[in-house]
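Secondary and tertiary structure notes
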Amino acid sequence: MTRTRSELIHMRNHLLTARAAALFASDLPAGSRPSAPVVDAAIAGAVRRCGGTRGCVAHLATTYGDYPEIAASRMRWARGVVEAIYGARDRELVAA
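The text that follows walks through the structure, step by step, so that each part is easy to find. (Residues numbered from 1 in each chain as written. Predicted model: local features only at pLDDT ≥ 70, side-chain atom pairs only at ≥ 80, totals over all residues. Heavy atoms only, no water.)

Time to look at the overall build of the protein chain. Within the protein chain, the secondary structure is distributed over four helices and zero strands. Looking at the 96 residues of the protein chain, the share that counts as buried comes to 35%. Considering only contacts within the protein chain whose residues lie at least 6 apart along the sequence, 74% involve residues at least 24 apart. A total of about 6,000 Å² of accessible surface is found on the protein chain, and carbon and sulfur atoms cover 60% of it. (Helix = DSSP H or I, 4+ residues; strand = E, 2+ residues; numbered from the N terminus. Buried < 20%, exposed > 50% of the residue type's maximum accessible area, 1.4 Å probe, protein only. Contact = heavy atoms within 4.5 Å. Areas by Shrake-Rupley, 256 points an atom, 1.4 Å probe, with all protein chains shown as cover.)

Looking now at the side chain of Arg12. The topology assignment puts Arg12 in helix H1 (residues 5-25). For Arg12, a relative accessible area of 14% puts it in the buried group. Only 3.2 Å separates the side chain of Arg12 from the side chain of Glu83, close enough to count as a polar contact. (Polar contact = N/O pair within 3.5 Å; in protein donor to acceptor, adjacent residues only side chain to side chain.)

Turning our attention to the nonpolar core. The biggest cluster of nonpolar side chains holds 22 residues, and the ones touching the most others in it are Leu23, Val39 and Tyr86. Listed by contribution, the elements that provide at least two residues to this core are H1, helix H2 (36-50), helix H3 (53-66) and helix H4 (68-95). Ranked by residues supplied to this core, first place goes to H4 with eight residues. Apart from residues no more than four positions distant in its own chain, Tyr86 is found in contact with Leu16, Arg19, Val39, Asp40 and Ile43. (Core = buried A, V, L, I, M, F, W, Y, C linked by side-chain atoms within 4.5 Å.)

Structural data, given as structure tokens:
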């Protein structure tokens, strides 16, 4: 089955969002500049610890409810790290 370009972009956005939620739920300190292998391990660990990506999103939502002033900056950090590490790689796949 061949996917359209818009379907690939949509899937890419969902994957980046799931990765950012998992990185948010990880133990890595916000503001750090981790390498790709460190981010991969942190995301995998958070997904296991939270029981899947939905658990990571639930952790994210709880944190926003309890500590919105901290959660917003942590999510900006997580999105930036995920975009920097996975964004270029995913864009190459979508463009191919």
